[in-house]
Amino acid sequence: MDILSQRLRGLMGIFCLGLLLVSSTLALAEDAKAIKDVVAEPKAADAKAPEAKVASNPENLTLEVLLRNTLQRNGQIQESLQDIEIAKSQVELAKSALWPKANALVIAAPIFQETGDALHSKSDLGKWGPLIKVGIEIAQPVYTFGMISSYRKAADSQVEARENLADVKRAEVIYSAKEFYYGYLMATELESLVEELSSFLDEAVNTAEKQVNGKSKSKVKPHDLYKLKSALEDLRQKKLLASAGRRTAERAISWVSVTQFDSLKKRPLEPEELEAKSLDQYIAIARKRRPEFRALAAGQEARGALRDAKRAQSYPIVFVGAFASLPWSPVRTKQDSAFANDPYNQLQGGVGVGLKFDLEFKKHSAEAQEQAAEQMKLKATESYAAPGIELQVKRAFWEFEQARDGLEIAERRRKLGKKWFVSSAMGWSIGLTAAKDLLEALEGEGLAKKNYIETVYGYNLALAKLTQAVGQEVTSLSYLGK
């Protein structure tokens with residue numbers, strides 16, 4: 001048993017080193033920081049995004065299709081999913097601590113001849129032969145006072161935390177994709193509006209030029225013509241800006257959804273449909289659906305498990321160990337006595353039960369206190385994160401109400417602006433409306449339409465914010481699970 005103890009001492013040192021490796025790889029220092037930043041702006045992913053796929057029919061690229069592509073291909077989302085895979089690998093690492101630790105060693109070397117017994121020997125340096133040694137050592141942990149199970153529990157909780165943090169990242173990216181898409185629709189509508197106003201103003205300039213240059217007396221003065229031309233050039237410049245904004249929004253959509261296309265089909269910017277609920281209902285949904293709550297709970301559970309694992313390191317590890325060694329050499333005399341130590345031709349082996357003690361009790365206590373403090377830190381985070389999320393829901397809901405009421409006002413303003421412009425245009429066609437009044441009416445209708453477009457954009461964006469705050473889609477959009 002003395003030989004057994006010597007053999008297993010080094011083997012259990014390797015085993016305990018493996019356990020410490022499990023401890024270090026399961027460190028959850030980044031979890032607290034990630035959870036506290038649940039309402040922060042999304043960070044750009046360092047990982048390379050998946051290669052863009054060419055859309056077969058750009059006309060079918062609706063918002064729902066683009067959102068599905070975003071969920072499947074976006075690099076930031078894929079990066080967060082790989083964090084889950086890393087956490088799962090740590091679970092497997094924790095499980096591996098339950099399996100036997102074994103190593104085998106094979107040595108082959110030349111050795112000179114030596115004959116004799118335990119008391120007398122004779123060496124012959126002129127004759128050489130081989131020495132071959134084959135050895136194997138195995139140690140199986142039997143009981144660790146909850147250390148390995150605590151590490152495994154910590155790893156499982158880390159997987160759950162990473163999965164919920166991935167849901168947080170999905171919500172952030174989906175909001176960005178909606179923002180880009182609604183921005184594209186707004187830029188497209190504004191570009192069409194500028195085109196429409198420019199077309200009318202160009203026609204008005206041609207009519208004014210004919211009247212000014214005509215032989216008959218005209219009510220249109222040269223300075224009226226200059227006003228019209230100046231306004232037309234201003235609209236042409238705004239058209240360039242609108243076109244650049246539309247192209248930028250298109251590329252942003254392509255980037256966030258990892259979808260390649262030449263151009264998107266022009267679609268009208270319309271308010272999204274939804275079945276509105278009360279503020280209390282949205283808050284109740286957020287408490288059930290927001291992944292931050294589950295991530296906080298999983299993080300606390302992981303820290304508690306690590307605390308227990310550190311405490312368990314102060315207790316011994318009960319193990320069953322075995323070793324076997326088979327040397328062979330034809331140039332060394334085999335010793336037949338069991339009391340003669342023969343390292344060249346004698347089979348050695350054994351099986352036994354042992355205890356492994358780690359006597360760094362002060363270190364274990366300090367590490368356990370550290371994990372307990374980290375757990376309390378997450379509890380403190382939860383104490384302000386929960387009211388913060390509720391405030392986020394309230395703010396998003398109030399912005400939605402403001403956008404909804406503003407949409408009704410913008411619709412009335414758009415209708416009034418149209419009536420004003422039609423009246424002025426008819427007066428201009430028969431020479432009753434001055435150029436100044438026509439430009440004012442044109443500007444009034446243009447601003448009313450522009451305000452309506454921006455209000456619809458703000459309304460849809462408010463719904464996107466409410467969706468992110470609640471933790472589930474609040475509109476009729478369907479892009480999950482397909």
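Computed from a predicted structure; not experimentally measured.

Cut-off values and rules
Residues numbered from 1 in each chain as written. Predicted model: local features only at pLDDT ≥ 70, side-chain atom pairs only at ≥ 80, totals over all residues. Heavy atoms only, no water. Patch = residues over 30% accessible without salt bridge, like charges linked within 9 Å, V, L, I, M, F, W, Y side chains within 5 Å. Areas by Shrake-Rupley, 256 points an atom, 1.4 Å probe, with all protein chains shown as cover. Salt bridge = Lys/Arg side-chain N within 4 Å of Asp/Glu carboxyl O. Helix = DSSP H or I, 4+ residues; strand = E, 2+ residues; numbered from the N terminus. Pairing = 2+ DSSP bridges. Axes fitted to C-alpha atoms, helices over the stretch in contact; angles between N-to-C directions. Parallel < 35°, antiparallel > 145°, perpendicular 65-115°, else oblique. Nonpolar A, V, L, I, M, F, W, Y, C, P; charged D, E, K, R; others polar. Buried < 20%, exposed > 50% of the residue type's maximum accessible area, 1.4 Å probe, protein only.

Novice: Explain a nonpolar patch on the surface to me, using residue names and the numbers behind them.
Specialist: Residues Val 142, Tyr 143, Phe 145, Tyr 315, Val 320, Val 351 and Val 353 make up a contiguous nonpolar surface patch of about 690 Å² in total accessible area. Those elements that place two or more of their residues in the nonpolar patch are β3 (121-143) and β6 (348-356). Checked against the element boundaries, Val 351 lands in strand β6.

Novice: Can you lay out the sheet that holds strand β5 (residues 317-328) for me, pointing to particular residues and giving the numbers?
Specialist: Spatially, the four strands line up as an open sheet ordered β2-β3-β5-β6, and their pairing is antiparallel. Each edge of the sheet is formed by a strand with only one pairing partner; in this case those strands are β2 (101-116) and β6. Neighbour-to-neighbour, the strand axes of this sheet turn through a mean angle of 20°, independent of strand direction. The pairing of β5 with β6 spans nine bridges and is classified as antiparallel.

Novice: Explain the packing of helix α8 (residues 291-312) against helix α9 (residues 361-429) to me, using residue names and the numbers behind them.
Specialist: The contact between α8 and α9 brings their axes to 8 Å, and the two run at 170°. Compared by their axis directions, α8 and α9 come out roughly antiparallel. Grouping the amino acids of the contact of α8 with α9 by side-chain chemistry returns nine nonpolar, seven polar and nine charged.

Novice: Which residues make up unusual backbone geometry, and what are the values?
Specialist: Despite not being glycine, Phe 145 has its phi angle at roughly 60°, a positive value. With respect to the helices, strands and loops of the structure, Phe 145 is situated in the loop between β3 and α5 (147-213). For Phe 145, a relative accessible area of 35% puts it in the partly exposed group. A positive phi angle is found at Val 258, which is not glycine, with a value near 50°.

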